[in-house]
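# Structural overview for review
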Amino acid sequence: MDVKIAALGEKDIMLIFKAAGIDVFPLSGNIREIDEAEKKFRQLVDSNYGIIFVTETVALKLDHLIREFSEKFQPSVVVIPGPGERNNYAVNSLRRIIIKAIGVDIMTEKEIGVIK
């Protein structure tokens, strides 16, 4: 069974995914309107994409949708860092996925039971 993969985000980042053969859906660099990003995200879900990469900037605007689909089998939404200022949304999203998958926060900064 083939899994369709998409990438949604700023044009500069999408070039990397295009080179890897992934279906890309660039959005304007000036994403002020959430409607454009939300509409495109819903189209990707309706088109049965199994994995959707979303840049952090876009994911911040689509947080409500990403959380809605995080409980479903498909699509898997993977938030990646994008251009501009970092706010740890991608890292926190990955942390939630790992905790859900294995039940433990392996990304904690505390040293737990480390033998020196």
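Residues numbered from 1 in each chain as written. Predicted model: local features only at pLDDT ≥ 70, side-chain atom pairs only at ≥ 80, totals over all residues. Heavy atoms only, no water.

For strand β1 (residues 4-10), a buried count of five out of seven residues is recorded, marking the element as mostly surrounded by other parts of the structure. Alignment of β1 against strand β3 (residues 49-55), held across five bridges, turns out to be parallel. Paired with I5 across the two strands is I51, which belongs to β3. Direction of pairing for β1 relative to strand β2 (residues 23-27): parallel, over a ladder of five bridges. The partner of G9 across the bridge, within β2, is P26. Viewed along the sheet, the connection from β1 through helix α1 (residues 11-19) into β2 turns out right-handed. (Buried < 20%, exposed > 50% of the residue type's maximum accessible area, 1.4 Å probe, protein only. Helix = DSSP H or I, 4+ residues; strand = E, 2+ residues; numbered from the N terminus. Pairing = 2+ DSSP bridges. Right-handed = clockwise from strand over helix to strand, strands pointing away.)

This brings us to the side chain of E10. Here E10 is to be found in strand β1. Nearest to the buried, unbridged E10 among oppositely charged side chains is K61, at 7.9 Å. There is a polar contact of 2.7 Å between the side chain of E10 and the side chain of T55. For E10, the side chain forms a polar contact with the side chain of T57, separated by 3.3 Å. (Lys, Arg positive; Asp, Glu negative; His and termini not counted. Salt bridge = Lys/Arg side-chain N within 4 Å of Asp/Glu carboxyl O. Polar contact = N/O pair within 3.5 Å; in protein donor to acceptor, adjacent residues only side chain to side chain.)

Let's shift gears to the nonpolar core. With 21 residues, the main nonpolar core has L8, F41 and L62 as its most contacted residues. For this core, the secondary-structure elements that each account for two or more residues are β1, β2, α2 (34-46), β3, α3 (56-61), α4 (63-69), β4 (76-80) and α5 (89-102). Sorting elements by how many residues they give to this core places α2 first, with four residues. With seven residues, the next largest nonpolar core counts A7, M14, F53 and I80 among its residues. (Core = buried A, V, L, I, M, F, W, Y, C linked by side-chain atoms within 4.5 Å.)

Here we take up the sheet that holds β4. Note: strands within a sheet are paired through backbone hydrogen bonds, in either parallel or antiparallel orientation. Reading across from one edge, β2-β1-β3-β4 is the order of the four strands in this open sheet, with parallel pairing throughout. At either margin of the open sheet sits one strand with a lone partner, and together these are β2 and β4. With direction set aside, neighbouring strand axes in the sheet form an average angle of 20°. On top of the sheet, α1 reaches β1, β2, β3 and β4; it is set at about 155° to β1, its chief contact. Against the sheet, α2 engages β1, β2, β3 and β4, with an angle of about 160° to β3. (Axes fitted to C-alpha atoms, helices over the stretch in contact; angles between N-to-C directions. Contact = heavy atoms within 4.5 Å.)

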